[in-house]
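Residue-level structure breakdown
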Amino acid sequence: MTQSAALILAAGKGTRMHSARPKVLQELLGEPMLGYVLEALRPLFAEADGREAIWAVVGHGADEVQAAFPGLAAIRQEQQLGTGHALATALPALRERGATHVLVVNGDVPLITTDIARRFLAEAGDAAIAFASLRLEDAGAYGRVVRKGGDVTAIVEAKDFDATLHGPDTGEVNAGLYLLDVEAVARLLPRIGNNNKSGEYYITDLVALGIADGLSVRGVHCGADESLLGVNSPAELARMEELLRGRIVARLLASGVTLHAPELVRVGPFAEVAPGAEITGPCELYGRSQVAAGARVESHCVLIDSVVRARARIRSFSHLERAEAGEAAVVGPFARLRPGALLEPESHVGNFVELKNARLGPGAKANHLSYLGDAEVGAAANIGAGTITCNYDGVRKHRTSIGVRAFIGSNTALVAPVEVGDGALVGAGSVITRDVPAGDLAVARGRQKNLPRKG
């Protein structure tokens, strides 16, 4: 049975974000905040059977959150009545799983890492109630930690803090990270009240209640580590995103990646850039993108879940999504590779060329102003400017096959399904509706007429 578990509080609306999107789905470097928290916790709460002892309390936009994370063990909080109510809602599931302790994390702390969580768990020790605190110059809306003689006595929400009652504001705040003894807090939760300005049940009230009952309560001071700060507004989101971007860029530079204008390079947390790769900002790499050693990505490019192999070159203003550029391939400038696009080694896609679910064989070229959708292009084939594959009949998609060393003249329309054989030549301006045998010349256009001009 599980002895420890993690609970992510992800039910809040995030009113100050001024967005219809659930707060935990707000993105930093292309990834939702909740994804960062999950990635940090997974190494600590993975079980031998492959399951994860991680739950999330969802509420506002619950369907949207679960759709974004389909494998998430979600517990619904139908009414968002505060963090204490969220914990009470999750308690039955934790007990059923046999959890003795639960790490409670807010879903809006995207900079939390596995190491931070691991250190907190170690320092929390065997306390019945432990929480992480920070000391900030501007404590803002964070709950204040109240101490007497150095010992924690309570955590008071910022809107309810009164210096005449609680003493001077020291700037020590609650970071929203807790380790709780499940059975101990189960006895305390029914005593949490909502007699405060928000009318909500706060998990922070467990501190004062635990102290009153003689339980061990520990405040783990974490200095001024901004990695534990939550995101509550667009300004805070932007600030956290820039902190994260800077850390990733620094790590890439230290590893041996060459970055030109590094202050303009944005790389997501799950993208991989090998030492020896070269990137020029402004540039954006998101999702599970990979850039190999020796590859070059020029300025104003966006890569999403895409792979750039060794010695490939992505020229300026190109956009790749779920696409792959093989070794020594050249993309762009101003090219768009949509999902399923694959460039084999040394193939070229030039300016204003779009590929979708299409493969260019080794050494094949489509250098200008073309659309290749649902297509197979053989090795060393040449696609002339203005060529398009007419792959959609209004109901279904159809494939076009172009053979090895075939030559497609400029301004050609290939009406799928159609096959152009190896070494075949299609004359410029043709509309090809039937297969072209290997080695043949196909011309499908009206005969030119020259008429005298009148007047």
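Residues numbered from 1 in each chain as written. Predicted model: local features only at pLDDT ≥ 70, side-chain atom pairs only at ≥ 80, totals over all residues. Heavy atoms only, no water.

Topic: the overall build of the protein chain
To keep it simple, the criterion reads: Each helix is a run of H or I in the DSSP string that is no shorter than four residues. Each strand is a run of E no shorter than two, and both are numbered from the N terminus. Note on method: radius of gyration uses C-alpha positions; expected globular size equals 2.2 Å times residues raised to 0.38. Residue burial is assigned from relative accessible area. The probe radius is 1.4 Å, only protein chains are included, and a residue is buried under 20% of its type maximum, exposed over 50%, and partly exposed in between. What sets the accessible areas is the Shrake-Rupley method with a 1.4 Å probe; for residues, cover comes only from the shown protein chains. Residues scored as charged are limited to Lys and Arg (positive) and Asp and Glu (negative), so that His and the chain ends carry no count. Taken as the charge location is NZ of Lys, CZ of Arg, CG of Asp or CD of Glu.
For the protein chain, the count of helices and strands is 8 helices and 41 strands. At 29 Å, the protein chain has a C-alpha radius of gyration far larger than the 23 Å of a compact globule built from 455 residues. For the C-alpha atoms alone, the extent of the protein chain along its principal axes is close to 100 × 60 × 45 Å. Every one of the 455 residues in the protein chain was classed for burial, and the buried ones make up 48%. Accessible surface, the protein chain as shown: approximately 20,800 Å² in total, 50% of it carbon and sulfur. The distance from the centre of the 47 positive side-chain charges to the centre of the 51 negative ones in the protein chain is 8 Å.

Here we look at the environment of V415
To be explicit about the condition: The contact criterion used throughout is that any non-hydrogen atoms of two residues lie within 4.5 Å.
If you trace the backbone, V415 turns up in strand β37 (residues 413–415). Judged by relative accessible area, V415 falls into the partly exposed class, the value being 29%. In this structure, the C-alpha to C-alpha distance between V415 and R434, residues 19 residues apart in sequence, is 8.0 Å. Beyond its immediate stretch of four places on either side in the chain, V415 contacts C390, V431, I432 and T433.

A short note on helix α4 (residues 114–124)
We count it as follows: Directions drawn from the helix axis to the C-beta atoms are what define this arc.
Residues of α4 that are buried: T114, I116, A117, F120 and A124. Taken end-on, α4 shows its buried residues confined to a sector of 165°, consistent with a single buried face. Taken together, the buried residues of α4 touch α1 (33–41), β6 (101–106), β7 (129–135), β10 (172–181) and β11 (217–221). Trailing α4 by a residue or two, G125 shows a phi angle of about 55°, which is positive.

Overview of α1
Among the 9 residues in α1, 8 count as buried, and that is most of the element. Those residues of α1 that sit buried are M33, L34, G35, Y36, V37, L38, A40 and L41.

Re a nonpolar patch on the surface
Basically, it comes down to this: Within the patch definition used here, like charges are joined within 9 Å and nonpolar side chains (Val, Leu, Ile, Met, Phe, Trp, Tyr) within 5 Å, considering only residues with over 30% relative accessible area and no salt bridge. Salt-bridge detection follows one rule: a side-chain nitrogen of Lys or Arg within 4 Å of a carboxyl oxygen of Asp or Glu.
Side chains of F317, F334, F352 and L369 sit close together on the surface and give an oily, nonpolar patch of about 400 Å² of accessible area. Mapped onto the fold, L369 is located in the loop between β30 (365–368) and β31 (371–373).

Section: the sheet that holds strand β24 (residues 330–331)
Note the threshold: Two strands pair under a simple rule: DSSP has to find at least two bridges between them.
Reading across the sheet, the 11 strands line up as β12-β15-β18-β21-β24-β27-β30-β33-β36-β39-β41 and stay open at both edges, with parallel pairing between neighbours. Of all the strands in the sheet, just β12 (258–260) and β41 (441–442) have a single pairing partner and so form its edges. Two strands pair when backbone bridges link them, and strand β36 (residues 407–408) and strand β39 (residues 425–426) are joined in this way by 2 bridges, in the parallel orientation. Looking at β39, one finds that F407 is bridged to L425.

So, the sheet that holds strand β35 (residues 400–402)
Read from one edge to the other, the open sheet built from 9 strands follows the order β14-β17-β20-β23-β26-β29-β32-β35-β38, with strand pairing classed as parallel. Two strands bound the open sheet, and with one partner strand each, they are β14 (272–273) and β38 (418–420). Here 2 bridges tie strand β20 (residues 307–308) to strand β23 (residues 324–325), and the two strands are oriented parallel to one another. Considered in β23, the bridge of V308 is made with A325.

Observations concerning the environment of Q290
Locating Q290 in the fold gives a position in strand β17 (residues 290–291). It is 11 Å that separates the C-alpha atoms of Q290 and A323, two residues lying 33 residues apart in sequence. Leaving out residues up to four positions away in the same chain, Q290 has contacts with E272, S306, V307 and V308.

A short note on the nonpolar core
The cut-off we apply is this: Note on terminology: a nonpolar core comprises buried Ala, Val, Leu, Ile, Met, Phe, Trp, Tyr and Cys residues joined through side-chain atoms within 4.5 Å.
Counting 139 residues, the largest nonpolar core has L41, L180, L206 and L355 as the members making the most contacts within it. A total of 7 residues in this core trace back to one element, the largest contributor, which is α1. Beyond its immediate stretch of four places on either side in the chain, L206 contacts L87, I129, L180, V185, L188, L189 and I192.

Points about the side chain of T387
Looking at the secondary structure, you find T387 in the loop between β33 (382–383) and β34 (388–390). The exposure class of T387 is buried, given its relative accessible area of 0%. Each residue touching T387, except ones within four places of it in the same chain, is listed here: L369, S370, Y371, I408, G409, N411, T412 and L414.

Details of the pairing of β6
Residues in a regular strand point their side chains to alternate faces of the sheet. Alignment of strand β1 (residues 4–10) against β6, held across 6 bridges, turns out to be parallel. The partner of L7 across the bridge, within β6, is V104. The sheet contact formed by β6 and β10 spans 5 bridges and is antiparallel. Counted as the bridge partner of V102 is L180 from β10.

Side note on the pattern of salt bridges
Any two side chains of opposite charge can pair, on the condition that their charged atoms come close. Counting across every chain of the model gives 22 salt bridges. For R95, the salt bridge is made with E183, and the minimal N-O distance between the two is 2.8 Å. Residue R95 is located in helix α3 (residues 83–96), and its partner E183 is located in helix α6 (residues 182–188); the two are separated by 88 residues in the primary sequence. R147 is the salt-bridge partner of E172, the closest N and O atoms lying 2.8 Å from each other. Taken as a pair, E172 in strand β10 and R147 in strand β8 (residues 144–148) lie far apart in primary sequence, 25 residues in all. Put simply, E344, R359, E376 and R399 are held in one network by salt bridges that share partners.

Quick word on unusual backbone geometry
A cis amide bond links G281 with the next residue in sequence, P282, at an omega value of 0°. Here the bond from A416 into P417 is cis, since omega is 0°, no more than 30 degrees from zero. Structurally, P417 can be placed in the loop between β37 and β38. One non-glycine residue, D305, adopts positive backbone phi at about 50°. Tracing the backbone through its elements, the reader meets D305 in the loop between β19 (301–304) and β20. Among the residues examined, D305 registers a relative accessible area of 34% and is labelled partly exposed.

As far as function goes, none of this settles anything; it's purely spatial.
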